[in-house]
Amino acid sequence: MSLDRAIGLTCHDIWGTYFCEVLGGIQSAARHSGYRVIAVKSPPRDVHRLELARDQIDGWIALIDPTDIELFLDDGRPVVTLSARSSDGRCPYVLPDNHGGALAAVRHLIDHGHRRIAFAGHMAHEDVRQRFQAYRDALDEGGIPFDPALVFELPNNERAGGRFAAQRLLESGVSCTAMFMATDQGALGIIDALAETGLRVPEDLALVGFDDIEAARYASPPLTTVRQRFDWIGRTAAQLLIDRLAGRDVPSAGHIAPTLLVLRRSCGCSPAPAEREAPAPADGAADQADALARELVALATFSSAPDRSAPPAESWPGVTEVVRGLEAAAQGKPGPPPAALERAWREAAEQMPHIDLLLAMIDRLERAGQSMIRGAEDAAAQRRVTAYIRRARHDMMQGRVAIEAARADYLNSLLDINLVVRETLLEHADNGGSKLSWLSAVQMSWGCLAVWEDPGDEGPTLRIVESSCPGQEAAAPAAGTRVAAAEFPRGGWLPAAVQYDGDHVIRLIPLRSQGEDRGVLAICAPVSSPLGLDHRDMDMWVAMLTAAFERASLIESLIEQEKRSRAAYERERALADAVRRLGCPVIPLDEGVLLVPLVGAIDPERASHVLEVVLAELSRQEAEVLLMDITGVPFADMQVAASLTKTARAAVLLGAEVIVVGMRPQVAQEFTHLGIDLAGMTLYPTLGSALSSLRRRRQPLIAPRMPRA
């Protein structure tokens, strides 16, 4: 199915666990209805100003920041906000049940006996403000006075914000026994910071977060948190937008996603549900097998808290093989293939990262196996069940080790990828070199780098610098192609994984530095790519790309400046030559007669130039008479006198007669005062008198007119 239409998503961050899960829900609904997804890493104001993909997108989803979305509405494009509400109430919005989830979290801490409960979060986000209100409502409900000293407003909702909260808490000296953190990332930052100071969670501070990101399960201790279904939120927002685009009636009202409190050890709860003896068979072996499967699934999915009413195999497909294998061992019948059992335990290990719960699953399976052979005198059955349990424990541990090995391989691969990207962008991507050859190393199917051009009358315009399509077939644009920002990226440029029923989405990343728009990087990558789970790496790669791009622009600018400087130098040198020529003009008056009019002050450099030019022209033209007109020399000093006498003597040595004209009284007085010897030179007061004297001695400069007949 060709995806000819597009849904736009605007957000400050287009990487990380939260965004990728939201994007997965949006992509699922969009693809089902024939839309592709274009995510832009910018707030609505900048997206509208730059006109990015304007003509490609039918409607917008604004994630977290709805500021200025009325610009899209005024353009006639519908908007749905996600985890935020618009100020004018014209847009449907989708929110998690922030109030209900936070209320349950704080109530749980109160149930543990805590009375001094702190709150920390970045209040700029509406989600956090709603959670804070629930925190206050829970305290009021429990009869606990609100203490402003226990509220810590943070600069962000990341781990760094959590570290900041821990620092503020320790520096303030306020006493508390528990904390409700508005986000999991912040809660993980608090765990890290407290561990560095020797404080323990939950012994010294009970802690609850909100979001249930994947890292919450792997924290030490595992984080009690409020789960929200990111994919459900994204899918709901996309469906509301699609309904509006289809002309269906969608009220501008809120859609609240349910949340669930997931209990783990950070709040002081036991990491596993209480063990129970195997229930007695009800109506037969089938019922007993189903009951065992449900208990095993409850353990395997304890951290994820799935729908308990669904069939066990829906949450853990391999549980059927595990139970059937136990029954076969007890009865001496052929069981599932070993490979199927290995896959089943790998699935369990992926769902439940905590080794204590995995071991609890093995213990529960062992008790069920003993129950199946209870009363039997068959020693062989006992050995078969014992061997099966031993094999199950081995498969479970092997699955857990395989997961950890895969994670280690992934981290190692990130190191290799970072080396490739660094070499590509910072070492080998000089002016004209490739800047996108690293895309294949990070599972990107397509990329295009464009820079901003002078818009002129055409509006915001981009010029393609480079495009890359590793292993894909696409009509990549040629370097130098100009395209309106509203048309970027054109659908015909995209690989099949985006144009058709694939799981790839387009991400547009504006490149900015020092407050200036430099260009745009467009990439296509699968929603489920593991590289999307850590936005720090991609942010670093984009930063390196921007640095490489700036370096190339700087080199180009320096080359252009050098060209301009060289041209200016050539012009200046030509002008200097002209000035030099004008500073000592040599005028042929007649054959063998040269005139050198001197005007202005004569410094050492000019005196040397006069001597050089005069002697060269006397020699070249074989002149017999040199007229030196000093009428324009304003004053006479030793420098002028030395220049005049040196030039005259040199001319005499070349066999020329030297005539000096224009000797003014003050100049003559200075020469006399300086004791200048003008012997060898003929002096005339004016050029006219000198020329008249020459006419009498030589042929007339101008032939006389012949008398009329």
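Here the structure is shown first, and the text comes after it.
Keep in mind it's a predicted model, so treat the numbers as computed, not measured.

**What to know about the sheet that holds strand S16 (residues 504–513)**
Turning to step 1, where the next piece is worked out: Across the sheet, 11 strands lie side by side as S11-S5-S4-S3-S1-S2-S16-S17-S13-S14-S15; this open sheet has mixed pairing. Of all strands in the sheet, those with a lone pairing partner are strand S11 (254–257) and strand S15 (482–484), marking the two edges. Geometrically, the sheet is characterised by an average inter-axis angle of 25 degrees between neighbouring strands, direction not taken into account.
Turning to step 2, where the next piece is worked out: Here helix H1 (residues 16–32) sits on the sheet in contact with strand S1 (5–11), strand S2 (35–41), strand S3 (59–63), strand S4 (79–82) and S16, set at roughly 150 degrees to S2.

**Focus on the nonpolar core**
Across soluble globular proteins, you tend to see nonpolar side chains buried next to one another.
Turning to step 1, where the next piece is worked out: In this structure, Ile 61, Phe 119, Tyr 135, Met 179, Phe 180 and Leu 207 are the most contacted members of the largest nonpolar core, which totals 97 residues.
Turning to step 2, where the next piece is worked out: Ranked by residue count, the leading element in this core is helix H9 (residues 230–245), at seven residues.
Turning to step 3, where the next piece is worked out: Aside from chain neighbours lying at most four places away, what touches Tyr 135 is Val 106, Ile 117, Ala 118, Phe 119, Phe 146, Leu 150, Val 151 and Phe 180.
Turning to step 4, where the next piece is worked out: In this structure, Leu 292, Val 319, Met 361 and Val 385 belong to the second largest nonpolar core, which totals 35 residues.

**A word on the packing of aromatic side chains**
Turning to step 1, where the next piece is worked out: All told, the structure shown has eight aromatic pairs when counted by the stated rule.
Turning to step 2, where the next piece is worked out: The structure contains a cluster of three or more aromatic residues connected by ring pairs, namely Phe 119, Phe 132, Tyr 135, Phe 146 and Phe 180.
Turning to step 3, where the next piece is worked out: Positioned above the aromatic ring of Tyr 35, the side-chain terminus of Arg 5 is 4.2 Å from the ring centre.
Turning to step 4, where the next piece is worked out: One cation-aromatic arrangement involves Arg 131 over Phe 210; the distance from NZ or CZ to the ring centre is 3.7 Å.

**Observations regarding a nonpolar patch on the surface**
Turning to step 1, where the next piece is worked out: On the surface, a cluster of nonpolar side chains totalling about 220 Å² of accessible area is made up of Ile 355, Leu 359 and Met 397.
Turning to step 2, where the next piece is worked out: Here Met 397 lies in helix H15 (residues 379–427).
Turning to step 3, where the next piece is worked out: Residue class for Met 397 comes out partly exposed when judged on its relative accessible area of 34%.

**What about the pairing of S16?**
Turning to step 1, where the next piece is worked out: Among the 10 residues in S16, nine count as buried, and that is most of the element.
Turning to step 2, where the next piece is worked out: Bridge count between S2 and S16: three bridges; the pairing is parallel. Considered in S16, the bridge of Val 40 is made with Leu 508.

**Here's the deal with the pattern of salt bridges**
Turning to step 1, where the next piece is worked out: Per the counting criterion, the structure on display carries 28 salt bridges.
Turning to step 2, where the next piece is worked out: A salt bridge links Asp 46 to Arg 49; the nearest nitrogen and oxygen atoms lie 3.6 Å apart. On the criterion of helical spacing, the pair formed by Asp 46 and Arg 49 is a turn pair, its members being three residues apart in helix H2 (residues 44–50).
Turning to step 3, where the next piece is worked out: For Arg 49, a relative accessible area of 41% corresponds to the partly exposed category.

**A closer look at unusual backbone geometry**
Turning to step 1, where the next piece is worked out: In this structure, the amide linkage connecting Val 201 to the following residue, Pro 202, adopts the cis form with an omega of 10 degrees.
Turning to step 2, where the next piece is worked out: One can find Pro 202 in the loop between helix H7 (184–196) and strand S9 (206–211).
Turning to step 3, where the next piece is worked out: Pro 489 follows Phe 488 through a cis peptide bond whose omega is -5 degrees.
Turning to step 4, where the next piece is worked out: By secondary structure assignment, the location of Pro 489 is in the loop between S15 and helix H16 (496–499).

**Some points on the packing of helix H4 (residues 98–111) against helix H5 (residues 126–141)**
Turning to step 1, where the next piece is worked out: Where H4 meets H5, the closest approach of the two axes is 8 Å, and the angle between their N-to-C directions is 40 degrees. In terms of orientation, H4 lies oblique with respect to H5. Our pair here, H4 against H5, has a crossing hand that is right-handed. Judged by residue contacts, Asn 98, His 99, Ala 102, Leu 103, Val 106, Arg 107 and Ile 110 of H4 engage Asp 127, Gln 130, Arg 131, Gln 133, Ala 134, Tyr 135, Asp 137, Ala 138, Leu 139 and Glu 141 from H5.
Turning to step 2, where the next piece is worked out: Of the residues in the contact of H4 with H5, the class split is eight nonpolar, four polar and five charged.

**Here's the deal with the environment of Glu 624**
Turning to step 1, where the next piece is worked out: Its location among the elements puts Glu 624 in the loop between helix H18 (604–621) and strand S20 (625–632).
Turning to step 2, where the next piece is worked out: Distance from Glu 624 to Ala 656, taken between C-alpha atoms, is 4.5 Å for residues 32 residues apart in sequence.

**Some thoughts on the sheet that holds strand S21 (residues 657–661)**
In a beta sheet, neighbouring strands pair by backbone hydrogen bonds and run either parallel or antiparallel.
Turning to step 1, where the next piece is worked out: Across the sheet, five strands lie side by side as S18-S19-S20-S21-S22; this open sheet has mixed pairing. Bordering the open sheet on either side are strand S18 (587–590) and strand S22 (681–684), each of which pairs with just one other strand. Within this sheet the neighbouring strands show an average axis-to-axis angle of 25 degrees, counted without direction.
Turning to step 2, where the next piece is worked out: The sheet contact formed by S21 and S22 spans four bridges and is parallel. Its bridge partner being in S22, Val 661 is matched across the sheet by Tyr 684.

Procedures and definitions
- Per chain, residue numbering runs from 1 following the sequence as it is written.
- Selection of residues for local features in this predicted model requires a pLDDT of at least 70, selection of side-chain atom pairs for listing and counting requires 80 or more, and totals for whole chains, interfaces and linings are taken over all residues.
- Water and hydrogen atoms were dropped before computing side-chain values, which therefore reflect all heavy atoms in the structure.
- We call two strands paired when DSSP finds no fewer than two bridges between them.
- Numbering goes from the N terminus for both helices and strands, where a helix is a DSSP run of H or I of at least four residues and a strand is a run of E of at least two.
- Helix axes are fitted only over the stretch in contact, all axes being lines through C-alpha atoms; the angle between N-to-C directions runs from 0 to 180 degrees.
- Any two residues having at least one pair of non-hydrogen atoms within 4.5 Å are treated as being in contact.
- Here, nonpolar core means buried Ala, Val, Leu, Ile, Met, Phe, Trp, Tyr and Cys residues that are tied together by side-chain atoms lying within 4.5 Å of each other.
- Relative accessibility thresholds used throughout: buried, under 20% of the residue-type maximum; exposed, over 50%; partly exposed, between the two (1.4 Å probe, protein chains only).
- Centres within 6.5 Å are what make two rings of Phe, Tyr or Trp a pair, Trp counting through its six-membered ring; a difference in plane orientation under 30 degrees is then read as stacked, over 60 as edge-to-face, and the rest as tilted.
- By definition here, charges over rings are those cases where NZ of Lys or CZ of Arg is within 6 Å of the ring centre and within 35 degrees of the ring normal.
- Excluding any residue in a salt bridge, patches collect residues exceeding 30% relative accessible area, merging like charges within 9 Å and nonpolar Val, Leu, Ile, Met, Phe, Trp and Tyr side chains within 5 Å.
- The method behind every accessible area is Shrake-Rupley, applied with a 1.4 Å probe, and residues are considered shielded solely by the protein chains displayed.
- For this analysis, a salt bridge means a side-chain nitrogen from Lys or Arg found within 4 Å of a carboxyl oxygen belonging to Asp or Glu.
- Just so you know how the angles are binned, under 35 degrees is roughly parallel, over 145 roughly antiparallel, 65 to 115 roughly perpendicular, and the rest oblique.
- Should the near helix be turned anticlockwise from the far one by less than a right angle, the crossing is termed left-handed; should it be turned clockwise, right-handed.
- Three classes are used, and their members are as follows: Ala, Val, Leu, Ile, Met, Phe, Trp, Tyr, Cys and Pro are nonpolar, Asp, Glu, Lys and Arg are charged, and the others, Gly among them, are polar.

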